[in-house]
Amino acid sequence: MAKYSKLGKNEQKHLAQLAGCFVVIAGQPNHPMREVARWAIREILWRWTADGVKTSGFVRVDAIKYDAKVHPSTAAARRLFAKSGKKGLRHDHVVPRKMLADRMIEQNMDAQKILRFLRRFCHAAIVTTKEHDKLKPRDQMPLGWTWRDGDPFARYTCSSIRLRRPPAAKR
């Protein structure tokens, strides 16, 4: 897994541009492709956190999905991965993808705003399935959390799930 790192600025820029096209469609209540556009945005959010890139620029789907050297992870998740691979693990978006997509659409974000927004809020964490079941709330952020000053990792803090963040990757 060490062959791949998080997507770089160039790959992120391309995903933000693509998401911007779908935001325009998803924001139109009567557009026949509205639900397809919403699905595509959520898929882009998945790509943002799970795909990896080689130094050569080649992007591989799901290359870093369970990589604790790239994503914050729990001690139990790291032990389980060393023992049995990805079985029993969850790649969880720290701010739920539906919330991210809804915010992008509600704010009618363009590619530049999307890029800044995703760099701040679109992160993954690697946890065990048991830890994932303890996340409260599951599909939203904790009561009182705001986009303006909220910690993207607040669901974990509120659920007493401790994440170790990997050292900053050099790219």
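In this text the structure is predicted, and so the values were computed from the model without any measurement. (Residues numbered from 1 in each chain as written. Predicted model: local features only at pLDDT ≥ 70, side-chain atom pairs only at ≥ 80, totals over all residues. Heavy atoms only, no water.)

Novice: Residues and numbers for the packing of helix α1 (residues 9–26) against helix α5 (residues 111–121), please.
Specialist: Following both chains from N to C, one finds α1 and α5 inclined at 120°, their axes separated by 8 Å at the closest point. With respect to α5, the axis of α1 lies oblique. The two elements α1 and α5 meet at a crossing, and its hand is right-handed. In this structure, α1 contributes K9, Q12, K13, A16, Q17, A19, G20 and V23 to the contact, and α5 contributes A111, I114, L115 and R119. Its residues assigned to classes, the contact of α1 with α5 comprises six nonpolar, three polar and three charged. (Axes fitted to C-alpha atoms, helices over the stretch in contact; angles between N-to-C directions. Helix = DSSP H or I, 4+ residues; strand = E, 2+ residues; numbered from the N terminus. Parallel < 35°, antiparallel > 145°, perpendicular 65-115°, else oblique. Left-handed = near helix turned anticlockwise from the far one by under 90°. Contact = heavy atoms within 4.5 Å. Nonpolar A, V, L, I, M, F, W, Y, C, P; charged D, E, K, R; others polar.)

Novice: Summarise the packing of aromatic side chains; cite the residues concerned and give the values.
Specialist: Overall, the coordinates contain six aromatic pairs when judged by the stated rule. Seen from their ring centres, F117 and W147 are 5.3 Å apart, and the 45° between their planes marks the pair as tilted. With F117 in helix α5 and W147 in the loop between α6 (129–134) and α7 (154–158), this residue pair connects regions lying 30 residues apart in the sequence. Neither F117 nor W147 differs from the other in exposure class; each is buried. Ring plane angle 75° and centroid distance 5.9 Å describe the contact between F121 and W145, whose orientation is recorded as edge-to-face. One end of the pair, F121, is in helix α5; the other, W145, is in the loop between α6 and α7, and 24 residues separate them in sequence. W145 sits in the buried class, given a relative accessible area of 16%. A cation over an aromatic ring shows up here: R165 above the ring of F153, its NZ or CZ 3.8 Å from the ring centre. (Phe/Tyr/Trp six-rings, centres within 6.5 Å; stacked < 30°, edge-to-face > 60°. Buried < 20%, exposed > 50% of the residue type's maximum accessible area, 1.4 Å probe, protein only. Lys NZ or Arg CZ within 6 Å of the ring centre and 35° of its normal.)

Novice: So what about the environment of L100? Which residues, and what values?
Specialist: Of note, L100 is situated in helix α4 (residues 97–106). C-alpha of L100 to C-alpha of G8: the two residues are 92 residues apart in sequence and 20 Å apart in space. When residues no more than four places from it in sequence are discounted, the contact partners of L100 are L45, V95, F117, F121, C122 and W147.

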